[in-house]
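Observations on the three-dimensional arrangement
Letter by letter, the chains look like this.
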Amino acid sequence: MLSLEGVETFYGPLQVHFGVSLRVEPGEIVCLLGGNASGKSTTMKVILGLVKPRAGRVVFDGRPISGLPTPEIIRRGIGSVPESRRIFPDMTVRENLLMGAYTRRDRDEVRRDYERMLELFPRLRQRLNQRGGVLSGGEQQMLAMARALMGRPKLLCMDEPTMGLSPLFVDRVLELIRRVNQQGVTVFMVEQNANLALQIAHRGYVLQNGHIVLEGAAGELLGSPEVRDAYLGGGDGR
Amino acid sequence: MNRSFDRTSIASLRRGRQVSLGIFAALAVALSACAVPAPPAAERAGQPAPAQPAAPGEPIYIGVSGPLTGPNARYGVQWKKGFDLALEAINGKGGVRGRKLEYIFEDSQSDPKQSVVVAQKFVADPRIVIELGDFSSPASMAASPIYQRAGLVQFGFTNSHPDFTKGGDYMWSNSATQEDLSPALAEFAHQTLGLNRLAVFYLNTDWGKATYDLFQKHAAKIGAQIVAAEAYLPDEKDFRSALVRARDANPDGIVLISYQADGAQIVQQLATTDLEVPVVGASSLHSPDFIRLGGAAAEGVFIRGQFSPEDTRPTVQAFVQAYRARYNEEPDFFAAHAYDTMNIVAALIELAGPDRKAIRDAFTQIRDVPSVIYGKVTFNPETRRVDKPQFVDLVVKDGKFVPWDGTARTGRQ
Amino acid sequence: MPDFALRTLGDQLINGLVIGNVYALIAIGLALIFGVANLINFAHGSVYMVGAYVGWVAVMWLGWPLAPTFVAVAVVCAALGVLIERFGLRHLQSQARIAPLLATIGISFALDQLVQIIFSPNPQAFSSPLPATRIALGGVSIGALDLLIAAITFAVAAVLFGFLRFTRLGWALRATAQDREAAQQMGVDVDGINALTFAVASVLGGIGGVMIGMYFTSVYPTMSYGAMLKGFAANLLGGLGSVPGAVVGGLLLGLIETFGVALLGSTYRNLFTFVILIGVLVLRPTGLFGARRALPPEPLTGTFVASSRPVRIPAWLVGAALVAAILLPFIATDPYLLQILTSAWLFGMLALSITLVTGAAGQMSLGQAGFLAIGGYASALLTMRLGLPVEASLLLGAVLAAALGTLLTWPVFRLRSQYVALATLGIGEVINQIILNWEDLTNGPLGLSNIPPLTFLGLPITQNVPIYWAALAVLAIAALFQWRLMQSHLGRTWRAMREDDVAARAFGISLNRYKALAFIASGLVAGLSGAFTAHMYSYINNETFAATTSILGLTMVILGGMGNLAGAVVGAIALTALPEVFRPLADARYLIYGIVLLLLVRFRPQGLLGTV
Amino acid sequence: MGMDGKALLEVRGLRREFGGVVAVDGVDLVAYEGETISVIGPNGAGKTTLFNLISGLDQPDAGEICLDGRPITGLPPEVLAARGLARTFQHGRVFGNLSVLDNVLIGAHTRQSAYRLRAPVVGMAAELLLALIQLPAWRAEQRRLREEALEVLALFGDRLLPRADQPAYSLSYANRRRTEIARALALRPRILLLDEPTAGMNPTETAELLEFIRALKQQGLTILLIEHKLSLVMQLSDRVIVMDDGRKIAEGRPEDVRDDPQVIEAYLGHGRRDPEVTDWKVQSEDRKLH
């Protein structure tokens, strides 16, 4: 469904990606793991068209999307849950949700999806008229997910969905991701919290300093020392 | 890993340098090009050149420094109309001393930092025999030392600032000073129109302030009471608040020491305040612009002006008729003034020839030059200004300035 | 008597509310643009002016009734707004914030001049087609136009509210303002939203222009600057970027001004406005209503300075240029050229002073003309009243400019980035107003005449070549002074403060102290330039150092490259010379000047010599 | 070293809220002279906020901070810097347009004689004059500081030294972090706060930095460290403080903390009720760290 092929990106003089390639098959949950500054958030930005790769390409649904403007990419069926949620702070929960359906014109369907989201995320229903900025972190994460799903994406891209959440919410969020996936949405997530992510993922990639150093089924990765290396930087006393 | 970066940055650096240098070069070329006024290089070689007689048939040039852009641009436009009209007549009659008279108008925006540059340009151009302007006092007086040093007459014909002609013996003006204007205005309001409690609006510039100070002094002397004095800045557009203040002081007359646009705005906004008293304006209001902008609200405004289009003197009629014919509008005080000024300049050159110093000396020699505004102009060598301007009392009636017949004191409805 | 007072109060209240309504309209537009594009749009006043002219043409030439007039104004202004965004600003989005700011200044130059060329500089009478009758309410009376203005502002505010609250596009606009990147990820075409914002804001500005044209009964090309200033003030009062804040700020500003004038008189209008504005900024930097959220986190460098490699000018080249400048009068005797360069030297000092405080220390100052004015007046008064020799008064004038100017700027030190720009603009205005109104000292608008000429060792300098050399010498001294400071630990400290004030504080750099030092050093140089100018002109008044001078000075610095000493001088030469270069083009020269500015920003936003 | 020394930094009951979210919630912390204390915890646990509060960039809503027995709560960062508190920032805040050397020299700001001219107006005038006249003594001092700064840069081998005159924005991420540390060292700090110093570094670089910090520690410098790379934490720290959700959930010697189930849960992944998984974590942790 989605593939990155030999992507290289730069911030000014700083090279972030060195030939990154990965694939996401329809119906999968794929997680991209990596420590701080390993380049995983930038991967997300490349997919969304916020950062243009200098080399390589991104293919979605059989068509290359690298170089397209972000709105066009979104319109083709990618939903985004950005890092640290990025809820619109001065818009109400309702408005935030409907912003997720910005690219859609089918008003009745949107209304139906809206109701569905409130069923899926009952907490949001209680807060419909509150400003997004006053929600707790967990509520914001749910709102961000619901908002992305409002666009009826084929692929949901999530950037560190568990970051800064209390344990209770982390479980809720992971459970929700699983349920969303079961309803037929392919999920690509970037996570720092490897153990958690691999609990629900089908497959995973490990990114380290801009290189994909490992890939495999979630189960294999869970036990793999390389995953740990990627996190601990391998700097254990050598 | 930085190698590639270094290369690109050096390349961009080099590109940057090229851009900068390119712009430099272009600037330098353009500067040197514009720095050269039209005459051939040989003529420019010497230091500030005294005016040299050029080949007969060459026009005689006058420099004009004034605003054509910027906030005062409208006055420069009026000047041009007056100049052009005068020159048409002068050159139509064969010019001065057998040569055509022409002017070079340099836009200074009435900004001192540009007027000094213009001054240097004129001073350096040997064709220029006399300079007119600038419009505002800061612009004129900043340039005065340059004209004085170079020995080129700066004829600041709109500079009523009391200190303008004190800048040196090359500074001359035919603008009436406030010393003449203000007492006349006070007398008109109090003695002629019988107004006792005056609310005065004055433009808070060098001109307005000086006029007001003298007005106030004279008003006190002749027994008129100033119950409200409202100063305002040239860019002021909202007079309603100040008008309410004036209304509360309960005046029986309003005096405007204003220019055309602001004066018109005051009378317009006055119409929205329930204050119905006569309005008396300084001669600066004497402009069709005032009526055009003031509309119905300008009706009945009294003006102690310096010329009347109805004046039957041939000088005035010649000017008014020609102006109407050429521009299809009523002449304004500034245009009339510019027209007068060009005629004075013609008289000066006729007498002195195209020589800078001789022209300066001619100021004390010319007598009774016919003038729209003064009737006849003779300069006072002490003040370097014109003595005893005449005044005419006007009232706005049916969208025109007409001489006031002495009746209907409360002309404003 | 109480009746009488009540009536006055009522009348002034209506005056204040009506004008406040228009300020609110202008301010809403600025707030929208600031919110969405994070840009202070200096061209907004020009759009407002264009709107006024379109309305004037429709009513006075074509004799249209009001309804189609407003439609026409809306259409033209919307198109203008889109054009400005598309061709003037869009490609500058990723540049340092100074670039689009400068572009809007260029656009505003060009638009003002264009309108002046088409419609002449004369004000045009604009009478509203409404009946002139007034409705009496008790002792107070309200005119039809007053009601119309109130109604239109109310209607526009309501429509805008509805648009932002209930429409898809309105939501997209708000979302973009709140989080541009997140909006993009919702599929919002943020470039399109930008254009839409400019269109909406321009329509509001244009409608404000028509209404003010009718209210003040005339339109004129220079009406833009004042309106823009008032719009900013209203905006800051309410909170930069806040739409409800803009409405309240506009109304408040109208009332404050009106009652200020009622209390003290018209000349104090701007003094009132700006003193209160600075007060608000200092007490509540986010404005009265913008305080709910802190400012969005600033980028790591909270300054306008982009990363770039400056063009290093080798010492021999500087030396050669100086020698060439000294020898120039022997080669080119044309006093016109020398005068242009003399002006350039003096402006070079202004630019140096700005490049220090804005470029090196990162405090964007738009009030630098205030320093010039203090220096000029102080030096002139010291020679005229106390009989000091000019050499001494020049220095004292510079010192006074530094001291007084820094003292007045002190309240601004707690502000950051664009707020500093607007607050210093206000301070410059305050200084100008004090000079105008403190007649005992400054002789008010009559100014100071017969200021003694410059002297050197007691000998007067009056010829243009010696003046040229003197100005060059003073510039060289100022540049050396500044270069020396920039080479010392102060230069390093200032630049660190500019790059990241948080990190700077964490290493013991007291921001107040070093901002003060920057303003002092900058004030010395600017004060010297002002003092020199005063003696050279021999006459100054409040208009000699007008607020536009500050903007011109800043433009020079940006052109040359922020914080770049050589760049400041190059910028000063270029911008003093450009209008002269274009002089043969007469009317069009400021139009071309504006366009040239725009192109420079487009193709070299870091300035000719790059930023340091 | 350790608990017997003098308490250099004491933090009691520190609390900071941001619009309803409690970022730091009643945290206590004591650092004795010469100690290296690591603060660990998942993202968003409040570690950086804690650093901001200690270094004066942010003001606490409640609680007290003492440095050397003197209360410093609410003092601005510029004052704390002069008292010997230096820090680095999570994302690396170097002065981009300044050269590497100048960045380090800013670290020495409080050690300049100009810094001691504190008198309100006179001091400022004096500093301006000093910068202008540049007396030989001033020059000598600047030269000395410059040499010291180069020495500090030399500590990083030829990572920074050859780039001393390059603008900081042109550095790699890792070099920026090094520049930050060098800048902090130039302050001659009594206590050094390092916020994720190895972020963005590869294993080799991380190992290098580990040795570097170890050397600092051996010289007796008191260090507060926020770090995600656990191996580094385990090797360097005398004590470890674990934060989660704004609260301190554990404190103790590294080996004790590592075995604390609460810590494992917080740091390595929340709330797995699946015992198998938890076991795996502990095992693998053991395998890696012992």
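Sequence order as written defines the numbering, with residues in each chain counted from 1. Note on labels: chains are lettered from A, ligands numbered from 1, in written order. Per-residue local features of the predicted model are confined to residues with pLDDT of at least 70, and side-chain atom pairs are confined, for both listing and counting, to 80 or more; whole-chain, interface and lining totals are unaffected and use all residues. Neither water nor hydrogens contribute to the side-chain values; these are computed over all heavy atoms in the structure.

1. Thoughts on the overall build of chain C
Only DSSP runs of H or I covering at least 4 residues are called helices, and only runs of E covering at least 2 are called strands; the numbering of each starts at the N terminus. When its secondary structure is counted, chain C shows 24 helices and 6 strands. Both definitions apply: the radius of gyration is a C-alpha atom measure, and the globule rule equals 2.2 Å times residues to the power 0.38. Computed over C-alpha atoms, the radius of gyration of chain C comes to 25 Å, within 12% of the 25 Å expected from 2.2 N^0.38 for 612 residues, which places it in the range of a compact globule. The dimensions of chain C, computed from C-alpha atoms along their principal axes, are 70 × 60 × 50 Å. Each residue is assigned to one of three classes by its accessible area relative to the maximum for its type, calculated with a 1.4 Å probe on protein chains only: buried under 20%, partly exposed between the two thresholds, exposed over 50%. Buried positions account for 67% of the 612 residues belonging to chain C. Residue contacts follow a heavy-atom distance rule, with two residues in contact if any of their heavy atoms lie within 4.5 Å. In chain C, 79% of the contacts between residues at least 6 apart in sequence involve partners at least 24 apart.

2. Quick word on the overall build of chain B
Tallying secondary structure elements over chain B gives 13 helices and 16 strands in all. When the 413 residues of chain B are sorted by exposure, 63% land in the buried category. Contacts in chain B between residues far apart in sequence, at least 24 positions, make up 71% of those at least 6 positions apart. Surface accessibility in these figures is a Shrake-Rupley result with a 1.4 Å probe; residues are shielded only by whichever protein chains are displayed. Counting only carbon and sulfur atoms, one obtains 52% of the accessible surface of chain B, whose full area is about 14400 Å².

3. A few points about the pairing of strand E2 (residues 101–107) of chain B
All names here are of chain B. Of all 7 residues making up E2, 6 are buried, and the element is well covered by its neighbours. Strands qualify as paired when DSSP identifies two bridges or more between them. In the sheet, strand E1 (residues 60–66) pairs with E2 via 7 bridges, with the strands oriented parallel. Following the sheet pairing, isoleucine 60 is matched in E2 by leucine 101. Where the polypeptide runs from E1 across helix H3 (residues 73–92) and back to E2, its parallel neighbour, the crossover connection is right-handed. Handedness of a crossover is defined as follows: with both strands directed away from the viewer, a clockwise route from the first strand across the helix to the second makes it right-handed.

4. Regarding the interface of chain B and chain C
Contact with chain B, which involves 80 residues of that partner, is made by 78 residues of chain C. For the pairing of chain B and chain C, the buried interface totals around 7000 Å² over both sides, and the portion due to carbon and sulfur atoms is 57%. Simply put, the buried area is the total loss of 1.4 Å probe accessible area from both parts when two parts are fitted together. By the criterion of area lost to chain C, the three top residues of chain B are Lys113, Arg149 and Arg240 of chain B, representing 8% of everything that side buries. By salt bridge we mean one thing: a side-chain nitrogen of Lys or Arg within 4 Å of a carboxyl oxygen of Asp or Glu. At the boundary of chain B and chain C, one finds 3 salt bridges. A salt bridge links glutamate 439 of chain C to lysine 209 of chain B; the nearest nitrogen and oxygen atoms lie 2.9 Å apart. As used in this structure description, the phrase polar contact means that two N or O atoms lie within 3.5 Å; if the pair is within protein, one of them must be able to donate a hydrogen and the other to accept it, and residues adjacent in sequence are counted only when both atoms belong to side chains. Our enumeration of links across chain B and chain C arrives at 24 residue pairs in polar contact (both at pLDDT 80 or more). Per element, the largest residue contribution to the side of chain B that touches chain C is 15 residues, and it comes from helix H1 (residues 3–35) of chain B. The residue classification treats Ala, Val, Leu, Ile, Met, Phe, Trp, Tyr, Cys and Pro as nonpolar and Asp, Glu, Lys and Arg as charged. All others, Gly included, are polar. Of the residues assigned to the side of chain B that touches chain C, the class counts are 36 nonpolar, 20 polar and 24 charged.

5. Here's the deal with the confidence of the model for chain C
Parts of the model with low pLDDT should not have their predicted coordinates read in detail. Residue and element names in this part refer to chain C. On a scale of 0 to 100, pLDDT captures the predictor's confidence in every residue. With 95% of its residues at a pLDDT of 70 or more, chain C has an overall mean of 86. Contacts for the low-pLDDT stretch residues 291–304, under 50 throughout, to residues beyond four places or in other chains number 26 contacts. Across the assembled chains, the prediction reports ipTM 0.78 with pTM 0.83.

6. A short note on helix H3 (residues 66–89) of chain C
Residues and elements named next belong to chain C. Taking 1.5 Å as the rise per residue, H3 with 24 residues should run 34 Å; its terminal C-alpha atoms sit 32 Å apart, in good agreement. Within H3, burial applies to Leu66, Thr69, Phe70, Ala72, Val73, Cys77, Leu80, Gly81, Ile84, Glu85, Gly88 and Leu89. Buried positions along H3 lie against helix H2 (44–61), helix H4 (98–119), helix H5 (144–166) and helix H8 (190–215). Here, expected helix span is obtained from the residue count minus one, scaled by 1.5 Å.

7. Points about the packing of aromatic side chains
Two aromatic rings are characterised by how far apart their centres lie and by the angle between their planes. Aromatic rings from Phe, Tyr and Trp, taking only the six-membered ring of Trp, are treated as a pair when their centres fall within 6.5 Å; an angle between ring planes under 30 degrees marks them as stacked, one over 60 as edge-to-face, and anything in between as tilted. Enumeration over the complete set of coordinates arrives at 41 aromatic pairs over all chains. The ring of phenylalanine 105 of chain B carries the charged tip of lysine 80 of chain B above its face, separated from the ring centre by 5.8 Å. Here arginine 93 of chain D stacks its cationic end above the ring of phenylalanine 89 of chain D, 5.4 Å away from the centre of that ring. Only Lys NZ and Arg CZ are tested; either one counts as a charge over a ring when it is within 6 Å of the ring centre and within 35 degrees of the ring normal.

8. A few points about the packing of helix H9 (residues 223–238) of chain C against helix H10 (residues 243–264) of chain C
All names here are of chain C. Interaxial angle, 0 to 180 degrees, is taken between N-to-C directions of lines fitted to C-alpha atoms, where a helix line uses only the stretch in contact. Taken N-terminus to C-terminus, the directions of H9 and H10 make an angle of 115°; their axes are 7 Å apart at the nearest point. If you check the angle between H9 and H10, you find them roughly perpendicular. In this structure, the crossing between H9 and H10 has a hand that is right-handed. Between H9, through Lys230, Ala233, Ala234, Leu237 and Gly238, and H10, the contact on the second element is made entirely by Gly245, Gly249, Gly250, Leu252, Leu253, Ile256 and Glu257. A per-class count over the contact of H9 with H10 returns 6 nonpolar, 4 polar and 2 charged. Just so you know how the angles are binned, under 35 degrees is roughly parallel, over 145 roughly antiparallel, 65 to 115 roughly perpendicular, and the rest oblique. Helix crossings are classified by the rotation of the near helix relative to the far one: an anticlockwise turn of less than a right angle makes the crossing left-handed, while a clockwise turn makes it right-handed.

9. Here we look at the side chain of serine 218 of chain C
Among the structural elements, serine 218 of chain C can be located in strand E4 (residues 218–219). By relative accessible area, serine 218 of chain C is classed as buried at 5%. With near-sequence residues (within four places) excluded, serine 218 of chain C lies in contact with Gln265 and Leu293 of chain B together with Gln124, Ala125, Phe126 and Gly213 of chain C.

10. With respect to the side chain of serine 510 of chain C
Along the polypeptide, serine 510 of chain C turns up in the loop between helix H20 (501–506) and helix H21 (511–537). Each residue touching serine 510 of chain C, except ones within four places of it in the same chain, is listed here: Glu78 and Arg118 of chain D.

11. Looking at the interface of chain D and chain C
Contacts between the two partners involve 43 residues from chain D, matched on the other side by 35 residues from chain C. For the pair chain D and chain C, the summed buried surface comes to about 3500 Å²; carbon and sulfur atoms form 60% of the total. Considering only the surface of chain D that becomes buried against chain C, Asn97, Met124 and Leu128 of chain D emerge as the three largest contributors, covering 19% of it. On the surface where chain D and chain C come into contact, there are 3 salt bridges. Secondary-structure elements contributing two or more residues to the side of chain D that touches chain C are helix H2 (77–82), strand E6 (85–87), helix H3 (100–107), helix H4 (120–133), helix H5 (136–154) and helix H6 (173–186) of chain D.

12. Quick look at the sheet that holds strand E10 (residues 211–217) of chain A
By definition, the strands of a sheet pair up through backbone hydrogen bonds, in either a parallel or an antiparallel sense. All names here are of chain A. Pairing in this open sheet of 6 strands is mixed, and the strands run E6-E7-E8-E3-E9-E10 from one edge to the other. Only two strands of the sheet have a single neighbouring strand rather than two, namely strand E6 (78–81) and E10. The average angle at which neighbouring strand axes cross in this sheet is 15°, direction not considered. Sheet analysis places strand E3 (residues 29–33) next to strand E9 (residues 203–208), joined by 4 bridges and oriented parallel. Its bridge partner being in E9, cysteine 31 is matched across the sheet by glycine 204. Helix-sheet contacts for helix H6 (residues 137–149) involve E6 and strand E7 (155–159), and the interaxial angle to E6 is about 170°.

13. Looking at H3 of chain B
All names here are of chain B. Between its first and last C-alpha, H3 extends 28 Å over 20 residues, near the 28 Å set by a 1.5 Å rise per residue. For H3, a buried count of 14 out of 20 residues is recorded, marking the element as mostly surrounded by other parts of the structure. Glycine 94 lies just past H3 and shows a positive phi near 95°.

14. A closer look at unusual backbone geometry
With an omega dihedral of 15°, the bond running from glycine 133 of chain B to aspartate 134 of chain B counts as a cis peptide bond. Mapped onto the elements, aspartate 134 of chain B comes out in the loop between strand E3 (128–133) and helix H5 (137–150). Even without glycine at this site, asparagine 250 of chain B takes up a positive phi of about 55°. Topologically, asparagine 250 of chain B is positioned in the loop between helix H8 (240–248) and strand E8 (253–257). Notably, asparagine 38 of chain C is not glycine yet its phi reads approximately 50°, a positive angle.

15. Some thoughts on the pattern of salt bridges
Side chains bearing opposite charge may pair, as long as their charged atoms lie close to each other. The full count for this structure, using the stated rule, is 73 salt bridges over all chains. Taking the shortest distance from any N to any O, the salt bridge between arginine 90 of chain C and glutamate 85 of chain C comes out at 3.0 Å. Residue classification places glutamate 85 of chain C among the buried residues on the basis of a relative accessible area of 1%. Through salt bridges with shared partners, one network takes in Arg104, Asp106, Glu109, Arg112, Asp113, Arg116 and Arg152 of chain A.

16. Considerations on a nonpolar patch on the surface
Residues and elements named next belong to chain C. The patch calculation keeps residues exceeding 30% relative accessible area without a salt bridge and links them within 9 Å when they carry like charges or within 5 Å when they are nonpolar (Val, Leu, Ile, Met, Phe, Trp, Tyr). A surface patch of nonpolar side chains, amounting to about 580 Å² of accessible area, comprises Leu322, Val323, Ile326, Leu327, Phe330 and Ile331. The residue isoleucine 326 is located in helix H12 (residues 315–331) in this model. The class for isoleucine 326 is partly exposed, based on a relative accessible area of 36%.

17. Let's talk about the domain arrangement of chain C
Residue and element names in this part refer to chain C. Looking at chain C, the domain boundaries give domain 1 (3–283) and domain 2 (340–547). The split into domains, and so the bounds of each, comes from an automatic or database assignment of domains. Taking only C-alpha atoms, the centre of domain 1 and the centre of domain 2 are 33 Å apart. Taken together, the contact pairs 20 residues of domain 1 with 19 residues of domain 2. Together, the buried faces of domain 1 and domain 2 total about 1800 Å²; carbon and sulfur atoms form 75% of this surface. Broken down residue by residue, the surface that domain 1 buries against domain 2 is led by Ile278, Leu281 and Val282, which jointly contribute 27%. For the interface between domain 1 and domain 2, the tally reads 0 salt bridges.

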